[in-house]
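Chain residues, written in single-letter form:
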Amino acid sequence: LSEEKEKLKEDMADAAIELGEATIEAEEAVAQIKMAAAQQKIGLYVESPLNYQQSKVKKFPLSFDSLKFDVQYFRREENEDKNNAHSQSMSRYVGATMSALGVTASASASIATQKMSQSAMSRHDIEGTIVITASCTHQQADIM
């Protein structure tokens, strides 16, 4: 019985050694496979769907060179709704003047003008306001 125990212990030790060796070999093989299949770094810069090296920049005639400059004086009238009327008339003027830049830009400039004028009139006694608008276009635009 003791001989069988010793033989069983030796067999178990041999099996443990074989399992350890097989595990080490398998881990090394898995590590080599992972290294071979690892994602390679392509570049250090952000990738883009556009290939800028093959894209050409072309001049595109957008419109004519122009400069539009306008000055308007708004006198503040004395009435019940004096601040709002004055602000609204300036706001409508700026919105109409900037309409060539698009609806969003026109609306944004109009709202900003109204807020600024109402803020100024709430803090100061204003008799009138000079509004100066300027816009320009360029004949050439660069496109890709």
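As a reminder, the structure under discussion sits directly above these lines.
Residues numbered from 1 in each chain as written. Predicted model: local features only at pLDDT ≥ 70, side-chain atom pairs only at ≥ 80, totals over all residues. Heavy atoms only, no water.

## So, the side chain of S117
Okay, so step 1: Its location among the elements puts S117 in helix 3 (residues 103-123).
Okay, so step 2: Other than its neighbours up to four places away in sequence, S117 contacts S87 and M90. (Helix = DSSP H or I, 4+ residues; strand = E, 2+ residues; numbered from the N terminus. Contact = heavy atoms within 4.5 Å.)

## Observations regarding the nonpolar core
Okay, so step 1: F74, M90, Y93, V94, M98 and V131 together form the largest nonpolar core, which totals six residues.
Okay, so step 2: Top element by residues in this core is helix 2 (residues 82-97). It accounts for three residues.
Okay, so step 3: Residues within four places of V131 in sequence aside, it is in contact with D70, V71, Q72, F74, M90, Y93 and V94. (Core = buried A, V, L, I, M, F, W, Y, C linked by side-chain atoms within 4.5 Å. Buried < 20%, exposed > 50% of the residue type's maximum accessible area, 1.4 Å probe, protein only.)

## Some remarks on helix 1 (residues 2-37)
Okay, so step 1: With 36 residues, helix 1 extends 52 Å between its outermost C-alpha atoms, agreeing within 8% with the 52 Å of an ideal straight helix rising 1.5 Å per residue.
Okay, so step 2: The buried fraction of helix 1 is low, at zero of 36 residues. (Expected span 1.5 Å × (residues − 1).)

## Considering helix 3
Three- or four-residue spacings in an α-helix give side chains the same orientation, since the helix completes a turn every 3.6 residues.
Okay, so step 1: The end-to-end C-alpha distance of helix 3, which contains 21 residues, comes to 31 Å, matching closely the 30 Å that a straight helix rising 1.5 Å per residue would cover.
Okay, so step 2: Along helix 3, the residues classified as buried are S106, S110, T113, S117, A120 and M121. One face of helix 3 carries all of its buried residues, which in axial projection span an arc of 105°. Helix 3 presents T104, K115, S122 and R123 as exposed residues on the side facing more than 90 degrees away from its buried surface. (Arc of directions from axis to C-beta.)

## As for the pattern of salt bridges
Okay, so step 1: Throughout the structure, instances matching the rule amount to one salt bridge.
Okay, so step 2: We note a salt bridge from K7 to D11, for which the minimum N-O separation is 3.6 Å. With K7 and D11 both in helix 1 and four residues apart, the pair spans about one turn of that helix.
Okay, so step 3: According to the relative accessible area criterion, D11 is partly exposed, its value standing at 39%. (Salt bridge = Lys/Arg side-chain N within 4 Å of Asp/Glu carboxyl O.)

## What to know about a negative patch on the surface
Okay, so step 1: On the surface, E6, E10, D14, E18, E21, E25 and E28 cluster together into a patch of negative charge.
Okay, so step 2: Examined against the element boundaries, E25 turns out to sit in helix 1.
Okay, so step 3: Looking at E25, the relative accessible area reads 55%, which means it is exposed. (Patch = residues over 30% accessible without salt bridge, like charges linked within 9 Å, V, L, I, M, F, W, Y side chains within 5 Å. Areas by Shrake-Rupley, 256 points an atom, 1.4 Å probe, with all protein chains shown as cover. Lys, Arg positive; Asp, Glu negative; His and termini not counted. Charge placed at Lys NZ, Arg CZ, Asp CG, Glu CD.)

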